[in-house]
Amino acid sequence: MSLDMMTPITNQLPETYRALSSEELDRRITEAKKQLGKDLVILGHHYQRDDVIQYADHRGDSLKLARIGAEQREAKYIIFCGVHFMAETADTLSTPEQIVVLPDLKAGCSMADMADIEEVEEAWEVLQKEFGDTIIPVTYVNSTAAIKAFVGRHGGTTCTSSNAHAILTWAFEQKKRVLFLPDQHLGRNTAYQMGIPLEEMVVWAPISGQFEEVKGNLDDVRMILWKGHCSVHQKFTPEQIQGVRERDPEMKVIVHPECSFEVVQQADCSGSTDYIIKAIEAAPPGSRWAIGTEVNLVQRLANEHPEQHIVLLSTTMCPCLTMNRIDRPHLLWALDQILEGKPTNQIKVEPDIAHWSKVALDRMLEIK
């Protein structure tokens, strides 16, 4: 499903917004929020820039924002400061009367783009022939609405890095095998922590249409991992962890489960964005941490916890570039367009896709 079939493409940000001073941007955003009042709610993902997330009425990881988004019933407008698949989820869970806006349509997700619906449907046919009716599909919420709908149609559900363990536990109660989309690392790391050996996992490569990393007998396979990854978290390496340990043996390493298996195994602990935040909040003064996740969040944690020594695991890591496309000029533009009665960059998922996507999301939200 192409973007333009679900979302009206509008004009680019007017240059006049780029020319505004920082003070003027802050003043006008604050005033616009005040004018819209309860008709507006702004959701902000933890990876957002500080100058944007300060305006979020709710901030969180993907699971928290999915739950919050489902609860929004009073607001007429939902502005999602995140990436495209998150805004799709918000639209799927909102009422028909509500309008979901993504300030910049180019704020996408390379991981989500790695699972194309046509490739997934082709792979499903092959896997059904190979394994029969023994597979249930599970997709990370970092996926398009079309992929979520595919999962919903085939009895599966979605997951986040926060609840992946609970979701896979549920999935294995339904079928012998799980097709996990689109992040191979989260699937592998979670399944391994559940006691599933690497020999019972394979990677499906959509480009070649073949299995990779086959370490055992295909009949014993339980996890079929889609060959996808997060371009930010994949940049963390075991060598970076070794360097930290050599420079500062007292420093603990905590990473996101979207990192590679080798990185997660060498780290002191791993967990979702929410897990990382809570671990830092609970740590005693004087604690020393190297964190393997998106740089905006790491820097925010360092600023909020000066009593601890917090650094990014990598010394050369860039932020999530697509997430960072949401800036104050785009946010103000979105607010102004709403005030003028012509919302820009509305995210609207097609009814059939929205129905089955919601089926998958509702299954996730019901699993504790």
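As the structure is a prediction and not an experimental result, all values here were calculated from the model.

Draft legend 1. Examining the UniProt feature "binding site: iminosuccinate" (unreviewed entry) in the protein chain more closely. Taking the UniProt record as the reference, the feature "binding site: iminosuccinate" (unreviewed entry) is found at His 45, Ser 62, Tyr 140, Val 141, Asn 142, Ser 161, His 256, Pro 257, Glu 258 and Thr 273. Mapped onto the elements of the fold, His 45 is located in strand E1 (residues 40–45). Tracing the chain through its elements places Thr 273 in helix H13 (residues 273–282). The buried category is assigned to Thr 273, whose relative accessible area is 3%. Apart from residues no more than four positions distant in its own chain, Thr 273 is found in contact with His 46, Tyr 47, Asp 61, Ser 161, His 256 and Leu 297.

Draft legend 2. A look at the sheet that holds strand E12 (residues 269–270). Sheet architecture is open: four strands sit in the order E12-E11-E13-E14, paired in parallel fashion. Taken across any chain shown, the strands that pair with only one partner, and hence form the sheet edges, are E12 and strand E14 (309–312). Note: strand E13 (residues 288–292) against E14, four bridges, orientation parallel. By the bridge assignment, Ile 291 is partnered in E14 with Leu 312.

Draft legend 3. Focus on the UniProt feature "binding site: [4Fe-4S] cluster" (unreviewed entry) in the protein chain. Using the residue numbers shown here, the UniProt feature "binding site: [4Fe-4S] cluster" (unreviewed entry) corresponds to Cys 109, Cys 230 and Cys 320. Spanning 212 residues, the named residues form one tight spatial group whose C-alpha atoms are at most 9.5 Å apart. Turning to its location among the elements, Cys 109 is positioned in the loop between strand E4 (99–101) and helix H6 (110–113). You can call Cys 109 buried: its relative accessible area is 14%. Mapped onto the elements of the fold, Cys 320 is located in the loop between E14 and helix H15 (328–339). The residues touching Cys 320, leaving out its near neighbours within four places in the chain, are Val 232 and Glu 294.

Draft legend 4. Local environment of the pairing of strand E5 (residues 135–140). Of all the six residues making up E5, six are buried; the element is thus mostly covered by neighbouring parts of the structure. Here E5 shows no split at all, with Ile 135, Pro 137 and Thr 139 on one side and Ile 136, Val 138 and Tyr 140 on the other all buried. One ladder, built from five bridges, connects E5 with strand E7 (residues 177–181); its direction is parallel. Its bridge partner being in E7, Thr 139 is matched across the sheet by Leu 181. Sheet analysis places E5 next to strand E6 (residues 157–159), joined by three bridges and oriented parallel. For Tyr 140, the partnering residue across the bridge sits in E6 and is Cys 159.

Draft legend 5. Expanded view of the confidence of the model for the protein chain. On average, residues of the protein chain score 91 in pLDDT, and 95% of them reach the 70 mark or higher. Long-range and interchain partners of residues 1–10, a stretch whose pLDDT sits below 50, account for 26 contacts in this model, where long-range means more than four residues apart.

Draft legend 6. Examining the domain arrangement of the protein chain more closely. You can read the domains of the protein chain as domain 1 (15–107 + 323–348), domain 2 (112–229) and domain 3 (233–312). Computed from C-alpha atoms alone, the centre-to-centre distance between domain 2 and domain 3 is 27 Å. With both chains or domains summed, domain 2 and domain 3 bury close to 1000 Å², and 53% of this area falls on carbon and sulfur atoms. Contact with domain 3 buries area across many residues of domain 2, yet Ser 161, His 185 and Asn 189 alone supply 43% of it, more than any other trio. At the boundary of domain 2 with domain 3, the tally comes to zero salt bridges. One can count seven residue pairs in polar contact (both at pLDDT 80 or more) joining domain 2 with domain 3. The dominant element in the side of domain 2 that touches domain 3, judged by the number of residues it contributes, is helix H10 (residues 184–193), at six residues.

Calculation criteria
Residues numbered from 1 in each chain as written. Predicted model: local features only at pLDDT ≥ 70, side-chain atom pairs only at ≥ 80, totals over all residues. Heavy atoms only, no water. UniProt positions renumbered as here; feature names shortened; annotations may be inferred. Helix = DSSP H or I, 4+ residues; strand = E, 2+ residues; numbered from the N terminus. Buried < 20%, exposed > 50% of the residue type's maximum accessible area, 1.4 Å probe, protein only. Contact = heavy atoms within 4.5 Å. Pairing = 2+ DSSP bridges. pLDDT = per-residue confidence, 0-100. Domains from an automatic or database assignment. Buried area = accessible area lost by both parts, 1.4 Å probe. Salt bridge = Lys/Arg side-chain N within 4 Å of Asp/Glu carboxyl O. Polar contact = N/O pair within 3.5 Å; in protein donor to acceptor, adjacent residues only side chain to side chain.

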